[in-house]
Structure formats: structure tokens, C-alpha cells
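Observations on the three-dimensional arrangement
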Amino acid sequence: MGDRATAPEDQAEPPRRSSGGRPGRRRLTVDERREELISAALELFSDRPPEEISIDDVADAAGASRALVYHYFGGKQELYLAALHTAARQLGELLDPPAEGRGLERLAVSLHRYFDFVEHYAAAFVALLRGGPAYRTGEIGEVIEGIRSFVMSRIIATIGVEEPGPILRITLRSWMASVETAGLDWLEHRDIPRDELERLLIDHHVVLLDVAARHDPEVAALFDRLSREPRAT
């Protein structure tokens, strides 16, 4: 990608006129400038796959120099990883389950927030889940699996389970795979309303639990509890 810049550009934003006619400048801290570059990268990733985004694109979007991006991140791979970590943190905040409500209602809220995230970062989501080996190994693969593990932990917390046994774990992971696949299909076709897709996936979740309940008393107790909850219409 090129050599790392040895000295960044001035961290100040372009001069702005004060009310007295004298130019004013607001200097950005290192963390502020870094977050500004990551935000610019995330916005670009929301419209185009990561492999189509260049360092120059990020620099232009952030109003910074190419050298400054290299100074903070060293190259496109480092920038992409930083953006992934930021996106994962944002998803984590979105998926904090509501404090109130019944299990399936809370799960429906979390699923809706998940699809908010998927829709906003559509291009990056598709690239991650349909990408080749580069997206499955190394630190990028670790970040992706970390996101999946976090989503799994949120699902478990939302339905009120402390430590799932093997049958429930496999069932929930199967449902997560269905959610990812449905998200990819919906982003490609968008031929049903998103809220209908979300209701369909909640019904999928219930059906999978019903089947698993026939194989495990723990899941049977969970299914019985959830099935007794009134469902929103």
C-alpha cells in the first residue's frame, strides 16, 4: 500500500472565521482525528465493499491527506480492522437487550436493531459474509467470530438462559445462521417488507425451539415458558 508516513499533516481543521473576522482553528486530538478517519471509512463501507475502497477514498471523505491516513493506520488492512472493531462496538450497543418485556418481545427488539445495523452497513455486511478466505482467517476472521459470539451471548441473555446445553447451543447457532442468510437474501432482493422478515425469523426461532424441545428437557422447559408468553400481533 505504500510506506508509512513519518510525519502527519497538521491536526488542525481548516481555518474558520470568528465573529471578529479573525480566522479560528480547532485542533483535533489524536483520538478525535483517528475516530474521524474511522467514521469516514465506515460511511464508505456502508455503500461499497471494502475491497473497492482505497486509502485515497477515505482521505478524501475525511478531508485529510493520504499521508495522514497512513500515519494513523499504516495501511488499508489496519484501517479496515479498526473500522470493524468500531462497527462491532456499535452493534454491541444496539443489541443490549431491553430491560423490560417478555423473552420473545425482547428478542424481536434485538433482531430489529440487528437489521438496522445490517441495512445501514449493507455493502460491508455482504462482503464479510460472502467474502473469500481473506475474511475467514487472521485478525479479520477473529473479529467476525467475535461478533458472532457476542450476538450469541445477547440472544442467550434475551431469552433468559444462563448457560445453554449442547442441544440449545446448536439450535441457537442454527438460528443465527438463518438470520445471516435471510439478511443476505433480503439485501439482494428486498421483495418482502423488512418487518415481515423479522416476524418470520422470530417464528423460525420458535419452531426450532419446538423441535429441539423433543430432544432435551432443558429446551422443553424453555419452550414451555416462552410459549406461555402472550405474543404481540
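Conventions and cut-offs
- Residues numbered from 1 in each chain as written.
- Predicted model: local features only at pLDDT ≥ 70, side-chain atom pairs only at ≥ 80, totals over all residues.
- Heavy atoms only, no water.
- Helix = DSSP H or I, 4+ residues; strand = E, 2+ residues; numbered from the N terminus.
- Buried < 20%, exposed > 50% of the residue type's maximum accessible area, 1.4 Å probe, protein only.
- Contact = heavy atoms within 4.5 Å.
- Polar contact = N/O pair within 3.5 Å; in protein donor to acceptor, adjacent residues only side chain to side chain.
- Expected span 1.5 Å × (residues − 1).
- Salt bridge = Lys/Arg side-chain N within 4 Å of Asp/Glu carboxyl O.

1. Here we look at the environment of A64
Within the secondary structure, A64 sits in the loop between α2 (55–62) and α3 (66–73). Along the sequence, A64 and E36 sit 28 residues apart, while their C-alpha atoms lie 9.7 Å from each other.

2. Thoughts on α3
Of the positions making up α3, those classed as buried are L68, V69, Y70, Y72 and F73. Looking at the packing, one finds that the buried side of α3 touches α1 (30–45), α2 and α4 (76–94).

3. Some details on the side chain of T171
Secondary-structure assignment places T171 in helix α8 (residues 166–189). Its relative accessible area of 11% is what places T171 among the buried residues. A polar contact is formed between the side chain of T171 and the backbone oxygen of I167, at a distance of 2.7 Å. Dropping the residues within four chain positions of it, T171 is found in contact with L208, L209 and A212.

4. What to know about α1
With 16 residues, α1 ought to run about 22 Å at 1.5 Å a step, and its terminal C-alpha atoms sit 23 Å apart, in line with that. Of the positions making up α1, those classed as buried are R33, L37, I38, A40, A41, L42, L44 and F45.

5. Section: the pattern of salt bridges
Tallying each qualifying case throughout the model produces 12 salt bridges. R48 is the partner of D57 in a salt bridge, and the nearest nitrogen-oxygen pair spans 3.1 Å. With relative accessibility at 30%, the residue R48 sits in the partly exposed group. Across the pair D56 and R66 runs a salt bridge whose closest N-O atoms are separated by 3.0 Å. Residue D56 is found in helix α2, and its partner R66 is found in helix α3; the two are separated by 10 residues along the sequence. Residue class for R66 comes out partly exposed when judged on its relative accessible area of 41%. Several salt bridges share partner residues, and in doing so they unite D116, E119, R190, R194 and E198 into one network.

By themselves, these figures tell us nothing about what the structure is for.
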